[in-house]
Amino acid sequence: MTARLPEPRLTRIYRLEAALGEPVDVGDVSAGRRRIVPLTGGTFSGPELNGKLLPGASADWQIVLADGTALGDIRYTLQTDGGALLYVQSRGVRHGRPEVLERLGRGEDVDASEYTFRTSTRIETASRELDWLNKGVFVGVGGRRPGGVIYETYLVA
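These lines cover the structure that appears in this document, whether it is placed above or below. (Residues numbered from 1 in each chain as written. Predicted model: local features only at pLDDT ≥ 70, side-chain atom pairs only at ≥ 80, totals over all residues. Heavy atoms only, no water.)

### Remarks on the environment of T11
Thought 1: Relative to the helices and strands, T11 resides in strand β1 (residues 10-20).
Thought 2: Taking the C-alpha atoms as reference points, T11 and Y154, separated by 143 residues in sequence, lie 5.2 Å from one another.
Thought 3: Residues contacting T11, with those up to four places away along its chain left out, are T153, Y154 and L155. (Helix = DSSP H or I, 4+ residues; strand = E, 2+ residues; numbered from the N terminus. Contact = heavy atoms within 4.5 Å.)

### Let's talk about the pairing of strand β5 (residues 59-64)
Moving residue by residue along a regular strand, the side chains alternate between the two faces of the sheet.
Thought 1: Judged from the 6 bridges that link them, strand β3 (residues 32-45) and β5 form a sheet pairing that is antiparallel. Among the inter-strand pairings, V37 is bridged to a residue of β5, identified as D60.
Thought 2: Where β5 meets strand β6 (residues 70-80), 6 bridges bridge the pair, whose relative direction is antiparallel. Its bridge partner lying in β6, W61 is registered against D73.
Thought 3: Hairpin connection between β5 and β6: a loop of 5 residues separates the two successive antiparallel strands, and G68 in this loop has a positive phi of roughly 95°. (Pairing = 2+ DSSP bridges.)

### A few points about the pairing of β6
Thought 1: The element β6 is extensively covered by neighbouring structure, given that 8 of its 11 residues are classed as buried.
Thought 2: Taken together, the 3 bridges between strand β4 (residues 50-53) and β6 define a ladder with antiparallel strand orientation. In the strand pairing of β6, K52 is matched with Q79.
Thought 3: Connecting β6 to the antiparallel partner strand β7 (residues 85-96) that follows it, the hairpin turn spans 4 residues, and G83 within it adopts a positive phi of roughly 100°. (Buried < 20%, exposed > 50% of the residue type's maximum accessible area, 1.4 Å probe, protein only.)

### So, helix α1 (residues 98-105)
Each α-helix winds once per 3.6 residues, and so residues spaced three or four apart point in a common direction.
Thought 1: Residues of α1 that are buried: V100, L101 and L104. The buried residues of α1 occupy an angular sector of 95° when the element is viewed end-on, so they sit on one face. Of the exposed residues in α1, the ones pointing more than 90 degrees away from its buried face are P98 and G105.
Thought 2: Buried residues along α1 sit against β7, β8 (115-125) and β9 (138-145). (Arc of directions from axis to C-beta.)

### Re the nonpolar core
Thought 1: Among the nonpolar cores identified, the biggest contains 29 residues, and Y14, L16, Y76, L78, L86, L133 and Y151 are the most heavily contacted of them.
Thought 2: Listing elements by their share of this core, those giving two or more residues are β1, β3, β6, β7, α1, β8 and β10 (148-156).
Thought 3: Top element by residues in this core is β1. It accounts for 5 residues.
Thought 4: When residues no more than four places from it in sequence are discounted, the contact partners of L133 are I13, L49, L86, I123, T125 and F138. (Core = buried A, V, L, I, M, F, W, Y, C linked by side-chain atoms within 4.5 Å.)

### Observations concerning the packing of aromatic side chains
Each aromatic ring pair is characterised by the separation of its centres together with the angle its planes make.
Thought 1: Applying the stated criterion across every chain yields a total of 3 aromatic pairs.
Thought 2: Between Y14 and F44, the ring centres sit 5.5 Å apart and the planes meet at 65°, which makes this aromatic pair edge-to-face. Taken together, the positions of Y14 in strand β1 and F44 in strand β3 put the pair 30 residues apart, joining distant regions of the chain.
Thought 3: Measuring from ring centre to ring centre gives 5.9 Å for Y76 and Y151, while their planes differ by 5°; the resulting arrangement is stacked. With Y76 in strand β6 and Y151 in strand β10, this pair connects stretches of sequence that are 75 residues apart. (Phe/Tyr/Trp six-rings, centres within 6.5 Å; stacked < 30°, edge-to-face > 60°.)

Rendered as structure tokens:
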């Protein structure tokens, strides 16, 4: 038995560019400030998967901590160009220097290199051709844009 384990490799699966609706600010709850941010549309593309985000079945249920850190429970539904449905759930964290988070909060265009936005992701599908997604371990990198968000999702191999 060898003690050396393989180093993980990342393969980009898709890039989702989504539009955001008006947040619902639930207010201060025990864990922090609860916000629900609807994902109202968008498209995704990758080497093997392309399609659109389904509005009405997609949102980010956030907790925003006192220091501005956002903890995301991001759930969205994608439809591939071939008609397959993908249910995606990501748990994420977005943090950075206070002045950077304030700029994001005002809706300014802030370069994604100025803050950290990472997710761990699960993908479910009933498609037999895409069954490999059900068995994958995925991570993501996010970026906030005025009125939108970008997620790049990678398979960990």
